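Examining the three-dimensional arrangement
One letter stands for each residue in the lines below.
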2 protein chains.
Amino acid sequence: MLWGRDRLTIIDQTYLPLEKKIIDLCDYRQVAEAITVLRIRGAPAIGVAAAYGVVLAAREFEKEDDFWGKLQGAATELRQTRPTAVNLFWAIDKMLAIAVANQERPSSEIADLLEAEAILMTEDDIKCNMAMGLHGEPFIIDGDVVLTHCNAGSLATVDHGTALGVLRTAWDKGKRFQVYADETRPLLQGARLTVYELMEHGIPTTLITDNMAGHFMQQKIITKAITGADRIALNGDSANKIGTYQVAVLAKYHGLPFYVAAPLSTVDPRLKNGDGIIIEERNPDEVTHLYSSRIAPIGAKVRNPAFDVTPAALITAIITEKGVAFPPYEESIPRLLGQI
Amino acid sequence: MLWGRDRLTIIDQTYLPLEKKIIDLCDYRQVAEAITVLRIRGAPAIGVAAAYGVVLAAREFEKEDDFWGKLQGAATELRQTRPTAVNLFWAIDKMLAIAVANQERPSSEIADLLEAEAILMTEDDIKCNMAMGLHGEPFIIDGDVVLTHCNAGSLATVDHGTALGVLRTAWDKGKRFQVYADETRPLLQGARLTVYELMEHGIPTTLITDNMAGHFMQQKIITKAITGADRIALNGDSANKIGTYQVAVLAKYHGLPFYVAAPLSTVDPRLKNGDGIIIEERNPDEVTHLYSSRIAPIGAKVRNPAFDVTPAALITAIITEKGVAFPPYEESIPRLLGQI
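Residues numbered from 1 in each chain as written. Chains lettered and ligands numbered in written order. Predicted model: local features only at pLDDT ≥ 70, side-chain atom pairs only at ≥ 80, totals over all residues. Heavy atoms only, no water.

Okay, the overall build of chain A next. A tally of helices and strands in chain A yields eleven helices and 16 strands. Compactness check: chain A gives a C-alpha radius of gyration of 20 Å against a globular reference of 20 Å for 340 residues, within 12% of the reference. In terms of its C-alpha atoms, chain A occupies a principal-axis envelope of roughly 65 × 50 × 40 Å. In chain A, which comprises 340 residues, the proportion classed as buried is 63%. Expressed as a percentage of contacts within chain A between residues at least 6 apart in sequence, the contacts between residues at least 24 apart total 75%. Roughly 12200 Å² of accessible area belongs to chain A as shown, and the carbon and sulfur atoms make up 53% of that amount. (Helix = DSSP H or I, 4+ residues; strand = E, 2+ residues; numbered from the N terminus. Rg over C-alpha atoms; globule rule 2.2 N^0.38 Å. Buried < 20%, exposed > 50% of the residue type's maximum accessible area, 1.4 Å probe, protein only. Contact = heavy atoms within 4.5 Å. Areas by Shrake-Rupley, 256 points an atom, 1.4 Å probe, with all protein chains shown as cover.)

Moving on: the interface of chain A and chain B. Counting residues at the interface gives 59 residues for chain A and 59 residues for chain B. Summing both sides of the interface, chain A and chain B together bury roughly 4600 Å²; the carbon and sulfur share of this comes to 65%. At the junction of chain A and chain B, the tally comes to two salt bridges. Across the pair Arg 185 of chain A and Glu 183 of chain B runs a salt bridge whose closest N-O atoms are separated by 2.6 Å. Examined bridge by bridge, strand β13 (residues 301-302) of chain A and strand β6 (residues 205-208) of chain B share two bridges and lie parallel to one another. Bridge assignment links Val 302 of chain A to a residue of β6 of chain B, and that residue is Leu 207 of chain B. (Buried area = accessible area lost by both parts, 1.4 Å probe. Salt bridge = Lys/Arg side-chain N within 4 Å of Asp/Glu carboxyl O. Pairing = 2+ DSSP bridges.)

To continue, consider the relation of the copies chain A and chain B. When chain A is brought onto chain B, the operation consists of a screw motion whose angular component is 180° and whose axial shift is 0.0 Å, with 0.0 Å RMSD remaining. With respect to symmetry, the two chain copies, as superposed, fit the operation of a two-fold axis. (Least-squares fit on C-alpha atoms with pLDDT ≥ 70 in both.)

Burial runs high along helix α6 (residues 163-172) of chain A: nine of the ten residues are buried. Phi turns positive, to about 95°, at Gly 174 of chain A, one or two residues after α6 of chain A.

When pLDDT is averaged across chain A, the result is 96; 100% of the residues are at 70 or more. The ipTM assigned to the predicted complex is 0.94, against a pTM of 0.95. (pLDDT = per-residue confidence, 0-100.)

This part is about the nonpolar core. The biggest cluster of nonpolar side chains holds 88 residues, and the ones touching the most others in it are Leu 147 of chain A together with Leu 147 of chain B. Once you skip the residues sitting within four places of it in the chain, Leu 147 of chain A turns out to touch Tyr 180, Asp 182, Ile 208, Ala 213, Met 217, Ile 222, Lys 224, Ala 225, Ile 226 and Val 247 of chain A. Listed in part, the 45 residues of the second largest apolar core include Tyr 28, Ala 34, Leu 78 and Met 95 of chain A. (Core = buried A, V, L, I, M, F, W, Y, C linked by side-chain atoms within 4.5 Å.)

The subject of this paragraph is the sheet that holds strand β3 (residues 22-25) of chain A. Hydrogen bonding along the main chain pairs the strands of a sheet, whether they run parallel or antiparallel. Residue and element names in this part refer to chain A. Spatial ordering of the open sheet is given by β1-β2-β3, a layout of three strands whose pairing is antiparallel. The sheet is open, and its two edges are formed by β1 (2-3) and β3, each paired on a single side. Pairing geometry for strand β2 (residues 8-11) and β3, over four bridges, is antiparallel. Note on β3: the bridge partner recorded for Thr 9 is Asp 24.

Scanning the entire structure with this criterion turns up 14 aromatic pairs over all chains. Measuring from ring centre to ring centre gives 4.6 Å for Trp 3 of chain A and Tyr 52 of chain A, while their planes differ by 20°; the resulting arrangement is stacked. Here Trp 3 of chain A is found in strand β1, whereas its partner Tyr 52 of chain A is found in helix α2 (residues 43-61), with 49 residues between them in sequence. With a relative accessible area of 3%, Tyr 52 of chain A lands in the buried category. When the ring of Tyr 180 of chain B is compared with that of Phe 216 of chain B, the centres are 5.3 Å apart and the planes differ by 70°; the resulting orientation is edge-to-face. Of this pair, Tyr 180 of chain B sits in strand β5 (residues 178-182) while Phe 216 of chain B sits in helix α8 (residues 213-218), and the two are 36 residues apart along the sequence. In this structure Tyr 180 of chain B comes out as buried when scored by relative accessible area, which is 4%. Three or more aromatic residues joined by ring pairs form one cluster here, namely Phe 139, Tyr 259 and Phe 326 of chain A. Positioned over the ring face of Trp 171 of chain B is Arg 176 of chain B, at 3.7 Å from the centre of the ring. If you follow Lys 241 of chain B out to its NZ or CZ, it ends over the ring of Phe 307 of chain B, 4.6 Å from the centre. (Phe/Tyr/Trp six-rings, centres within 6.5 Å; stacked < 30°, edge-to-face > 60°. Lys NZ or Arg CZ within 6 Å of the ring centre and 35° of its normal.)

What follows covers the pattern of salt bridges. Residues and elements named next belong to chain B. Enumeration over the complete set of coordinates arrives at 50 salt bridges over all chains. The partner of Arg 59 in a salt bridge is Glu 62, and the shortest N-O contact between them spans 3.3 Å. The exposure class of Glu 62 is buried, given its relative accessible area of 17%. The closest approach of N and O atoms between Lys 94 and Glu 117, which form a salt bridge, is 4.0 Å. You can see Lys 94 sitting in helix α4 (residues 86-101) and its partner Glu 117 sitting in helix α5 (residues 107-136), a full 23 residues away along the chain. A residue is classified by how much of its surface remains accessible, and Lys 94, at 32% relative accessible area, is partly exposed. For Glu 117, a relative accessible area of 12% gives the class buried.

All names here are of chain A. Taken in spatial order, the three strands line up as β8-β9-β14 in an open sheet, and their pairing is antiparallel. At either margin of the open sheet sits one strand with a lone partner, and together these are β8 (231-232) and β14 (307-310). Here four bridges tie strand β9 (residues 238-241) to β14, and the two strands are oriented antiparallel to one another. Within the sheet, the bridge partner assigned to Lys 241 lies in β14 and is Phe 307.

Attention shifts here to the environment of Ala 306 of chain A. All names here are of chain A. As for its placement among the helices and strands, Ala 306 is situated in the loop between β13 and β14. Classification of Ala 306 by relative accessible area gives buried; the value is 4%. Remark: the alpha-carbon pair of Ala 306 and Thr 194, spanning 112 residues in sequence, is separated by 17 Å. If we skip the residues at most four places from it in the chain, Ala 306 touches Arg 82, Asn 240, Lys 241, Ile 242, Ile 279, Glu 280 and Arg 282.

Okay, the pairing of strand β4 (residues 145-148) of chain B next. All names here are of chain B. Along β4, one buried face is formed by Val 145 and Leu 147 and the opposite face, lined by Val 146 and Thr 148, is buried too. Judged from the four bridges that link them, β4 and β5 form a sheet pairing that is parallel. Looking across to β5, one finds that Val 145 is bridged to Gln 178. In this view, the connection linking β4 to its parallel neighbour β5 by way of helix α6 (residues 163-172) has right-handed handedness. Pairing between β4 and strand β7 (residues 224-227): three bridges, direction parallel. Within β7, the position partnered with Thr 148 by the bridge is Ile 226. (Right-handed = clockwise from strand over helix to strand, strands pointing away.)

This is the structure in structure tokens:
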């Protein structure tokens, strides 16, 4: 993700790993579209991208009479792209709060301030991920075989990654381990993005289908699991990519640790527990088709929730940029939040 | 599957559900190829197909001097197609035993006897499945949402099916329930075959990806699970399609029953438990590609076990053609075997 004053340049992740296609998003509508169709994805990344979307909207409308109405309209459109990741709302709210706090100033100055904030958010995301890496790397030891699900790497963030950031930092500190990557149906972020990223980093990675994880735990090959999160309640219940919940259940059943790595912006302070987390249900075509190939009979009924909620009781620890939260999360998470 | 004296006619399942392509297998080599590449699949179906392969070999070699050597060679080739399903070996052994018991007769008569046996095996498979349906249907009640994995239906057998046969019989008796079908990566037998079969039968079926099963158990939507089996040890440990083990773990964790439906020919009487079951590891391309589309980076390392072993302790009951085995299976399975 690269900001160029009048455009946000991203890797269009829908083409990875076969093609590294770089695209420019030149207005907030393009940013919204890119988030909706997963050209850019991952809770931290879509938060920062949406912030730049607000900047682009402010620039577009700074000379217009109805600056505030239009800015709000753009923010609403950006909000409606995806319902589960809280970082999206967190970033947009933060941007709007800055605009409101400076409402006496000319619109062009507000746009400047918003741009400065988005750039700060970008830098903060990288710092956060580096800090998470340092807090999380002690959990990884030589000889580990770490299962991960979906993509919580540099492609899901501004850089370095959350769950994969922990693995990256551990690797860079000389720890030698392997990763098993769930392919993560339906959109195959594991196969397409995680394997690609980890191979680029030189970390030995084995791709498996999502239904093999239990078998490799039973065979005592996988030693622990780590994933990112899209929204975390105050009690530690964590929403993440569909399939994460069953990875956590399988880890528990086999006596293996299950870690979540996410910045504190992922915590939704309005949620006491995970019951209130809205689960996005996506287009059935994602399940019935793969690229252009239909893989199910015409007319097949489909469910396609994009996320599930892992109860806190299944989570060994939550790794954040301010330190590691252990159970009881009702106490440890608010304590870390107090340090922001 | 249709026998026509000089050929075995099958649906080439690699084209389903988009195309119902019918092919003729005219010699044992074609039968072996069809089993290897999964044109025909499912433990009971490949057992019967291999039996017809032996018949085709006997016909081919009946006028040759080295009838016995060549028949044995063909049997060996058929055996080498797939390592896990015991029905394959069971069927070939049964055919060879009939040949040996009649070795004094002319080769053409031996071929006649083998053909008669294969036809009998075909009829027996259907009878078995109908009987399994009757023994298993009491486990299905109105309002159930039954999870199934892979395809244990009419396409995996001669007709009716094992796990899906139980559902078919329950449906035909007027029970009204739904099925959730795991798509079953990598080869998508659930999406391609199970959904197709159940839709044809009019049973309401919802397709999900393999990583959603836990979520729908957590949501209290799925009420029980049923699968087939490819090999069962005397203690009840059951090998079946990769992913079955984690379905069983998830069912246990959520307090849901997990049933296996399989003919007694699936029991391997030489195995005290599942430790000795050989797990077929298939081509990595099945994971890295979907039809012609590559979905993982070039050079990605892959594991691709085709099966896993579900320990008996996770299995609520095993439904066979002679009745239902309950734990302790060390006692109930040999008791049923004694009735064959």
